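Fold and geometry: a report
Spelled out, the chains give:
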Amino acid sequence: ASLTEVVVVGYGTQKKTNITGSLNSVSTAELIRTPTASLTNTLAGRLPGLVSIQGSGEPGSDGSALYIRGFGSYNGQSPLVLVDGIENAIDRIDANEVETVTVLKDAAATAVYGMKGANGVILVTTKRGKVGKPAVSLTSQMSVQRPTRVPEYLDSYNALSLYREGLINDGLNANLYTDEYLNKYRDRSNPTYQYLYPNTDWQKELLKPNSLMQQTNLNVSGGTPNTRYFVSMTYLNQDGLYKYEDLSNYNIQATLNKYNFRSNVDIDITKHLAMELNLSDVVRDRNYPNESASSFWNELRVTPPWLYPLTNPDGSIPQQRNAPASPYGRLTQYGYKRLFENTMGAIVGFNLKMPFVTEGLSVRTRFAFDAQSFRDITRQRNYSTFQYTINENETDLSKGSYEEISTGDEQLSFALGANGSRKSTFEGYINYDRTFNGKHLVSGMIRYNQSQDFRSTSQDDGGVAALPYKQMGVVGRLNYTFDRRYVAEFDAGYNGSENFKTGRRMGFFPAASVAWVVSNEDFFKESKTLSLLKFRGSFGTVGVDNSSNRFPYISTWGTNNGSGYHFGIDADGNNYSGAQESIVGNQYLTWERARKTNIGIDLGLFNNSLTFTGDAFQEHRTKILSDAKTIPDVMGIQTLPKVNAGIVDNQGFEMEVTWRKVINDHNLFLRANYSYAKNKIKYAAEPEYAFAYQGLKGTQIYEANGFIALGLFKDQEDINNSPSQAGYGKILPGDIKYFDRNQDGIINSQDRGYIGETLRPKSMLGFTVGYSFKSVDLNVLFQGALGGYNWLTGNSAWAFASNSSVLADYLNNHWTPDNLDAEYPRISSADNVNNNQTSTFWLRSSDYLRLKNVEIGYTLPKSTLTKLGLKNVRIFATGVNLYTWDKFKIYDPEIPDGFGDYPQQKVINFGLNVTL
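Every chain's residues receive numbers from 1 upward, in the order its sequence appears when written. pLDDT decides what is reported in this predicted model: residues at 70 or higher carry local features, side-chain atom pairs at 80 or more are listed and counted, and totals for whole chains, interfaces and linings draw on all residues regardless. Side-chain metrics in this entry use all non-hydrogen atoms of the structure; hydrogen atoms and water are not considered.

**A word on the nonpolar core**
Working definition of a nonpolar core: buried Ala, Val, Leu, Ile, Met, Phe, Trp, Tyr and Cys residues. They are joined through side-chain atoms within 4.5 Å. Accessible area is worked out with a 1.4 Å probe on protein chains only. A residue is then buried under 20% of its type maximum, exposed over 50%, and partly exposed in between. Grouped together as the largest cluster of nonpolar side chains are 48 residues, with contacts concentrated most on Leu792 and Tyr810. If you list the elements that add at least two residues to this core, you get helix H3 (156–169), helix H4 (179–183), strand E35 (709–712) and strand E36 (736–738). Per-element accounting of this core gives the leading share, six residues, to H3. When neighbours within four sequence positions are excluded, tyrosine 810 is seen to be in contact with Leu162, Ala797, Trp798, Ala799, Tyr824, Ile827 and Trp842. Labels follow the DSSP assignment, with helices taken as runs of H or I lasting at least four residues and strands as runs of E lasting at least two, numbered in each case from the N terminus. Contact definition: two residues touch when any of their heavy atoms are within 4.5 Å.

**What to know about the packing of aromatic side chains**
Geometry of an aromatic ring pair is reported as the spacing of the ring centres plus the angle between the planes. Whether two aromatic rings pair depends on their centres lying within 6.5 Å, for rings of Phe, Tyr and Trp, where Trp uses its six-membered ring; planes under 30 degrees apart make the pair stacked, over 60 edge-to-face, and the rest tilted. This structure, assessed with the given rule, holds 40 aromatic pairs. Between tyrosine 244 and tyrosine 328, the aromatic rings sit 5.3 Å apart at their centres with planes inclined by 90°, giving edge-to-face as the arrangement. Here tyrosine 328 lies in helix H8 (residues 327–332) and tyrosine 244 lies in the loop between strand E12 (227–239) and strand E13 (255–268), a separation of 84 residues in the sequence. Both rings, one in phenylalanine 551 and one in tyrosine 553, keep their centres 6.3 Å apart while their planes meet at 75°; by these two values the pair is edge-to-face. Note on tyrosine 553: relative accessible area 16%, which makes it buried.

**Remarks on H3**
The span expected for a helix works out to 1.5 Å for each residue beyond the first. For H3, spanning 14 residues, the distance from its first C-alpha to its last is 19 Å, which sits close to the expected 20 Å at 1.5 Å a residue. Every buried residue of H3 is listed here: Ser156, Tyr157, Ala159, Leu160, Ser161, Leu162, Tyr163, Gly166 and Leu167. Two residues or fewer past H3, glycine 171 is found with a positive phi of approximately 75°.

**Notes on the sheet that holds strand E6 (residues 80–83)**
At least two DSSP bridges between two strands are needed for those strands to be called paired. Strands sit in the order E3-E8-E9-E6-E7 across an open sheet of five strands; the sheet is mixed. At either margin of the open sheet sits one strand with a lone partner, and together these are strand E3 (23–27) and strand E7 (86–87). In terms of strand pairing, E3 meets strand E8 (residues 98–104) through five bridges, oriented antiparallel. Counted as the bridge partner of valine 26 is valine 101 from E8.

**Considerations on the pairing of strand E16 (residues 335–353)**
Alignment of strand E14 (residues 273–289) against E16, held across 17 bridges, turns out to be antiparallel. Looking at E16, one finds that valine 283 is bridged to asparagine 342. Sheet topology places E16 next to strand E17 (residues 361–380); 19 bridges connect them, and they run antiparallel. In the strand pairing of E17, leucine 339 is matched with aspartate 376.

**Considerations on the side chain of threonine 590**
Locating threonine 590 in the fold gives a position in the loop between strand E29 (580–583) and strand E30 (592–605). The class of threonine 590 is buried, set by a relative accessible area of 15%. Not counting residues up to four positions away in its chain, the partners in contact with threonine 590 are Phe500, Arg504, Lys623 and Asn644.

**Some details on a nonpolar patch on the surface**
Residues enter patches when their relative accessible area tops 30% and they take part in no salt bridge; the joining distance is 9 Å for like charges and 5 Å for the nonpolar side chains Val, Leu, Ile, Met, Phe, Trp and Tyr. Accessible surface is estimated by sampling points in the Shrake-Rupley manner with a 1.4 Å probe; for residues, cover comes only from the protein chains shown. In the sections that follow, a salt bridge refers to a side-chain nitrogen of Lys or Arg positioned within 4 Å of a carboxyl oxygen of Asp or Glu. The grouping of Ile430, Ile446, Met472, Val474, Leu478, Phe490, Tyr494, Met506 and Phe508 at the surface amounts to a nonpolar patch, some 840 Å² of accessible area in total. Here the nonpolar patch gets three residues from one element, more than from any other, and that element is strand E22 (residues 469–482). Of note, methionine 472 is situated in strand E22.

**Here's the deal with the side chain of threonine 42**
Positionally, threonine 42 belongs in the loop between helix H1 (28–31) and strand E4 (50–53). Once residues within four sequence positions are removed from consideration, threonine 42 is found in contact with Leu31, Thr34 and Thr36.

**Some details on the pairing of E12**
Pairing of strand E11 (residues 211–223) with E12, which is carried by eleven bridges, proceeds in the antiparallel orientation. By the bridge assignment for E12, glutamine 215 is matched with leucine 236. Connecting E11 to the antiparallel partner E12 that follows it, the hairpin turn spans three residues. Where E12 and E13 come together, 13 bridges link them in antiparallel fashion. Following the sheet pairing, threonine 227 is matched in E13 by isoleucine 267.

Here you go:
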């Protein structure tokens, strides 16, 4: 059954035994185990070769970034996504609608996508109806969400105690910060102290410990031999973590309301003619505070607890002159945003079998139309702030005085942004699939497509943005299989991009692949152990258009910009400005090309109860769009043209092992997958640097750049015997010691460079355990990432940088004469220029292993269902992101590029599924 299984491939399906390319699929049974608003979040750990990184948990913006086989380019790296064969977005689809998600990885699998396939392809196939009585399925779920991890910061007393230590270290006057003074930040016996000596835990005051998410799906499927249907409707509500959502006469809570509708209908019009009709609609209604998530969560971290109370005694917003704004004011008083979005899609297609011409021949046409519209409303409110003062010995708070720091009109302004886009796609296929003499299987496909895409924009660029994006191309596949043993396939795409000059737009992207099913040879047919042994190999070229802007081959000129040479003055006293070439076009631009090689093996043992799939791959990416850094600034070009000059090599391997065992009513399922990819930049259109470590050549994509730290200075003798770091202020014991990379005896910018570690993981892994016994089922997924690093830098990390708050980890882990092997340098009372440099000292491993998903379910026995007149009833509980093993400990290790904003969520979910 496994060998005859039909799987989805590029623009078609094939029997699994005839596959020569590298691909993996995951089915709906696994996807619906993870309660989430974004389909992308269900894929982590389930597919080898897929890199999944979730950087935010904000409702409506919590989707994961997906990459296939690491990173082959330092430009656009996202894979091409197709939903039912049409290019579309993946993150808004409801998992209940999906039949399979397939990842295509090598040239044999992606060549038919031509200049769009170099970064890999993700195919989403939605469910279709099957012959049978109508089956009505209702699933309702309720979830409790809470952050996986948020950084912890010191309270006022402990932070200011460290500040006193920093003043002493810096040789400054610390007389104010006596024990008596510091204790006032703890003492709440005097009512004035909470306003004069605040101790505000911003995260505790402004965030709820948890929030709710609920989801309900109703779908109906069934049909007759001539007509089959699948209809699905889903409502999802995801609430946010903010407190004080109803403080004003408007709501500032981060909220997502999402409505999904899909109808897939298949009709056999005649014996040979069939029709498909797919309709879908996604409506999203989002609400947010006017302060963006990135700004607000940064304010939560860096606003010190001793700066403001939550409010003044009269409820007004506290403020001090020349000080940052109160996070409470920015969250609750600054207004709100409502974002409305509607995405509609339709596909109509016809398939005509033509045995009257020749057996196995068919033609197919499809037309798809997608329309997206949005309406964004911003209601900003400028509020007043006050500084409250009172004699600290006064017990009556009404005796204090208020100084108005800023004056607001207290009115909600109104700003509207609305637009829409639409895309139409036409496809025409000729398909052939026929077996001769029982041994010779010949199949092939030729597809023509054209599309035009009118994209939404508010940019005034002379009408360029209003022009539709147009694409066209021809792709083909030819597969020959002899006696189910030897398979050869040729795939090719011929298409192009309008972003290149006429005559350079179209390109040919071929791939060839072979497979040998050894287990079908006569000498293996009697084997009781070996069920499947198959070797695969592919080689080909795929492309991708990573153009930086529209029509980059055209130079852009501007006038009257006030700069450059002036040619006299007119009668009104205005200058006659010259013309200026603002963008220099490059007529020789073309697409990036990826030359891909893949070798794979598929193995099945003991009647396929134990299976193994492994692949080793190599990619040579050329013509990567790069900045022309070899052109010096003295040439006087305002914006240098992009050039196709970058070269990157990417290679690695991946594997998946699956074991299934059935013993009476016990069903056990184990699966593990692992993937590794490492790249190297071979060329990047840059000058020859005096120090090679400062250039991109020889580095990796996302490689960290900074100083190499050698630890902390132990004493003054250590400082005296080390290269000079005087350019970064006065150096004292406990400061960070840097490596003199150019060996000139001075630490300066010439010692800064690439340091070997990357800010993205090199390895991804997943491990799934499934078990069922009679009516009880259990499924557990572990997911992890290895080989990546995160920066622990910026005001959120560096103590007292820009008068910010202090991480709780500093309290007992900073350098002192009694703690020489500390994790953090000595405390300074202000921004320490030497210590607050990006260096390996602040680089932390982001390796983690996560208990990603646990689901336990109970299905009512058939005897009970018969009495109730139901087909199936299942009760289940699910946990997501339950526990993470890592060394980072400050914030969630999956978040890339620093602290991020809205944290990823831990979810406890309860659900019920009833099928009529």
